[in-house]
Amino acid sequence: MKGGKSKADSRKGDSRLAVKKQTKKEKKAAKDPNKPKRPPSAFFVFMEDFRKQYKEKHPNNKSVAAVGKAGGDKWKSLSDEEKAPFVAKAEKRKEEYERKMEAYNRKLSGEGDDESDKSKSEVNDEEEEEGSGEEEEDDD
C-alpha cells in the first residue's frame, strides 16, 4: 500500500485511545464508609412498619415489588393527619443526620479532635474536674 495506513497502524491508534479513556466507575469518587447515611423520607419510615404488617397478612408472598406497590397505594390513600407521625419521625431522623454530618465534616477538615458528640466546653469542664488539684506540665 502506497501512502496509506495499514490495518496494524490503525489498531495501534485505537489502542492508544482506549488507554486514555476512563470508565464511569473510575471517574466516580470512592465512597467514604464513615460518612453518615442519608435519612429516610417519610414514605420510607412508613414502609418500615408497612412491610411488617404486610408480611403478617401475606406470609407466602415473596415478591418485593408486590409489597412496594401495595405500600405505595396505601401511602397515597392516607390523609395528611395519618401521615403526620411518619413525617415527624422523618424530621427527627433528618435533624440527627445533620448533626452527624456536621461532626463528620469537622472531622474531615481537621477541626474535630474528639470523636464524641460532646461539645468542646463539656470536654473542658470534665478535664478541669478530673485534674482540679494538679497543674499540667508543658513538655516543649
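Notes on the structure in this doc start here. Here the structure is a predicted model, which is why all the values come from computation and not from measurement.

Let's shift gears to helix 5 (residues 80–109). For an α-helix the count is 3.6 residues per turn, leaving residues at separations of three or four pointing the same way. If you check helix 5, its first and last C-alpha atoms are 41 Å apart, about what 30 residues at 1.5 Å a residue would give, namely 44 Å. Its maximal kink placed at phenylalanine 86, helix 5 deviates by approximately 30°. Looking only at helix 5, the buried set comprises Lys83, Phe86, Ala90, Tyr97, Met101 and Tyr104. Elements that come into contact with the buried residues of helix 5 comprise helix 3 (42–57) and helix 4 (64–77). Looking at the residues trailing helix 5, positive phi occurs at glycine 110, about 95°.

The next point concerns the side chain of lysine 83. Inspection of the secondary structure assignment puts lysine 83 in helix 5. Buried lysine 83, no salt bridge; nearest opposite-charge side chain is aspartate 80, N-O distance 4.9 Å. Look past the residues within four positions of lysine 83 in its chain and what remains in contact with it is Trp75 and Leu78.

With that settled, the discussion passes to helix 3. Relative to the 22 Å expected for 16 residues at 1.5 Å per residue, helix 3 spans 23 Å between its end C-alpha atoms, a close match to the ideal helical length. Along its length, helix 3 reaches its greatest deviation from straightness, about 25°, at aspartate 49. Regarding helix 3, the residues found buried are Ala42, Val45, Phe46, Met47, Phe50 and Tyr54. Those residues of helix 3 that are buried lie in contact with helix 4 and helix 5.

One number sums up the size of the second largest pocket: a volume of about 150 Å³. As for the second largest pocket, its lining consists of Ala30, Lys31, Asp32, Lys35, Pro36 and Lys37. Here the lining of the second largest pocket is composed, by residue class, of two nonpolar, no polar and four charged.

Rules used in this analysis
Residues numbered from 1 in each chain as written. Predicted model: local features only at pLDDT ≥ 70, side-chain atom pairs only at ≥ 80, totals over all residues. Heavy atoms only, no water. Helix = DSSP H or I, 4+ residues; strand = E, 2+ residues; numbered from the N terminus. Expected span 1.5 Å × (residues − 1). Bend = angle between axes of the 7 residues up to and from the residue. Buried < 20%, exposed > 50% of the residue type's maximum accessible area, 1.4 Å probe, protein only. Contact = heavy atoms within 4.5 Å. Lys, Arg positive; Asp, Glu negative; His and termini not counted. Salt bridge = Lys/Arg side-chain N within 4 Å of Asp/Glu carboxyl O. 1 Å grid on protein atoms, 1.4 Å probe; cavity = no way out; pocket = protein on both sides within 12 Å on 5 of 7 lines; lining within 4 Å. Points joined across faces, edges and corners; volume = space filled by probe spheres on them. Nonpolar A, V, L, I, M, F, W, Y, C, P; charged D, E, K, R; others polar.

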